[in-house]
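Okay, here's what each chain looks like letter by letter:
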Amino acid sequence: MLFKRVLKISILFHFVKANSFEPYTLHGGLVSAIAGKDYVIIASDTRLSDGGYNILSREHLQSRLWAVSGFFPSNSCLFHPDGSIVVPKEDEIPSKYRQKEEGLFSVPREKGLHKSEIFRQCPNIIASAGCSSDCEALKRQIRGEVNALQHWCYGRNTLTAAGMANLLGQSLYARRVFPFYSFCVLAGIEETGHARVHVYDAIGSHERVAIGCAGNGKEMLQPILDRMFSSIVEPTDDDVLMTFEEEEEDVTEIVQTKLQRDARAVEASKQRIGLRLEPPVETFVLCDAKKAAGMLVKAYRSVAEREISVGDNVVICIIQRITEKSPSGDVCFSMEVVRSKLKDH
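Residues numbered from 1 in each chain as written. Predicted model: local features only at pLDDT ≥ 70, side-chain atom pairs only at ≥ 80, totals over all residues. Heavy atoms only, no water.

Attention now goes to empty space enclosed by the protein. According to the stated counting rule, one finds two cavities of 30 Å³ or more in the structure shown. What the second largest cavity holds in volume is close to 40 Å³. Mapped by element, the contributors of at least two residues to the lining of the second largest cavity are strand S7 (125-130) and helix H2 (132-152). Among the elements that take part in the lining of the second largest cavity, S7 stands out by supplying three residues, more than any other. A class-by-class count of the residues in the lining of the second largest cavity yields three nonpolar, seven polar and one charged. (1 Å grid on protein atoms, 1.4 Å probe; cavity = no way out; pocket = protein on both sides within 12 Å on 5 of 7 lines; lining within 4 Å. Points joined across faces, edges and corners; volume = space filled by probe spheres on them. Helix = DSSP H or I, 4+ residues; strand = E, 2+ residues; numbered from the N terminus. Nonpolar A, V, L, I, M, F, W, Y, C, P; charged D, E, K, R; others polar.)

Okay, here's the thing in structure tokens:
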């Protein structure tokens, strides 16, 4: 009798299942950044999905691409009041300027045909992919701390790009027990003109790089960008191949350029400058901003063909340091926002 009761209870508990709770949802997003000598480029796609085949939004950028500090004017055409980037509308650019073969908009320097502004301080931009609610919570926390510091200093200055990189890493690491499901990329320019790009994981580990990617599809985007921006080494005497044609009795030299495997590696003797230890690789690319943005759009289009959670549009922010100083003697920075079309699948 007792055995039957135990058997019934065990069968009952076998079929009763508790409701599972999953606190994280991967809403997609592919973010990337490129550091040049005097510019930074940070980009993100605008597709928001539920982690599967359902598309929640095709114009989402609120929690994915945002400025850290609130130094920009309230009537800015590039930023919303919460710091997120304004997605340029396609009808704001005439059709003859919309698409080019390079995949980048041709943005003329005429009033009303482009999205660009001049700032006295470099806008440090963070792009975050992952759980949309966690990205939004992280944005509010970081912007709250930076704005509090700015008010404490009476609006005179804000954190530099290096200070912002440390703040973001510490904020993510402070939540390591129950972390933000947010994978970030930070881009900014120091007052000295050096561009910075940092890539993060969910618990705050970060690295300064020349090209950084995070989010869905980064495994495809990172090698594409590394190959596009890799340097070509001039051939040496050992690389010249001599082929002899016995019938014509002449010598033909075939010069082949060789792709160096670690072309951006820095020698150990040059990694330490005084008490400061530099990264073991170069932290900037060698091409200009327009060419870099064009190659970035090509790479996004290649990934969008193969990754279902990446698509619709890619929004690119190009921040450059203006070499000519303003009449007051301050160094200024220009920022331009460009939108390009991706695959609608």
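Across the interface, helix H4 (residues 218-228) lies against helix H5 (residues 289-304) with an axial gap of 10 Å and an inter-helix angle of 145 degrees. Crossing geometry of H4 relative to H5 is assigned as right-handed. Two secondary-structure elements touch here, H4 through Met220, Leu221, Ile224, Leu225 and Met228 and H5 through Met295, Leu296, Lys298, Ala299, Tyr300, Ser302 and Val303. Considered class by class, the residues forming the contact of H4 with H5 number ten nonpolar, one polar and one charged. (Axes fitted to C-alpha atoms, helices over the stretch in contact; angles between N-to-C directions. Left-handed = near helix turned anticlockwise from the far one by under 90°. Contact = heavy atoms within 4.5 Å.)

This brings us to the packing of H2 against helix H3 (residues 161-174). H3 packs onto H2 with a crossing angle of 130 degrees between their chain directions and a minimal axis gap of 11 Å. The pairing of H2 with H3 is recorded here as oblique in orientation. Like other packed secondary-structure pairs, H2 and H3 cross with a definite hand, here right-handed. On H3, the residues touching Leu138, Gln141, Ile142, Glu145 and Val146 of H2 are Met164, Leu167, Leu168, Ser171 and Leu172. Taken together, the residues of the contact of H2 with H3 sort by class into seven nonpolar, two polar and one charged. (Parallel < 35°, antiparallel > 145°, perpendicular 65-115°, else oblique.)

Below, the discussion takes up the sheet that holds strand S10 (residues 206-208). Pairing is antiparallel across the open sheet formed by five strands, whose spatial order is S5-S7-S8-S9-S10. Each of the sheet's edge strands pairs with one partner strand only, and the pair in question is strand S5 (65-67) and S10. Going across the sheet, the axis of each strand differs from the next one's by a mean of 20 degrees, ignoring polarity. H2 rests against S5, S7 and strand S8 (182-189) of the sheet, and its axis sits at about 10 degrees to S5. Packing against the sheet, H3 makes contact with S7, S8, strand S9 (195-200) and S10, and its axis sits at approximately 10 degrees to S9. (Pairing = 2+ DSSP bridges.)

Next up on the list: H5. Between its terminal C-alpha atoms H5 stretches 22 Å, which fits the 22 Å expected from 16 residues at 1.5 Å a residue. All of the buried residues along H5 are Ala289, Ala292, Ala293, Gly294, Met295, Leu296, Val297, Ala299, Tyr300, Val303 and Ala304. (Expected span 1.5 Å × (residues − 1). Buried < 20%, exposed > 50% of the residue type's maximum accessible area, 1.4 Å probe, protein only.)

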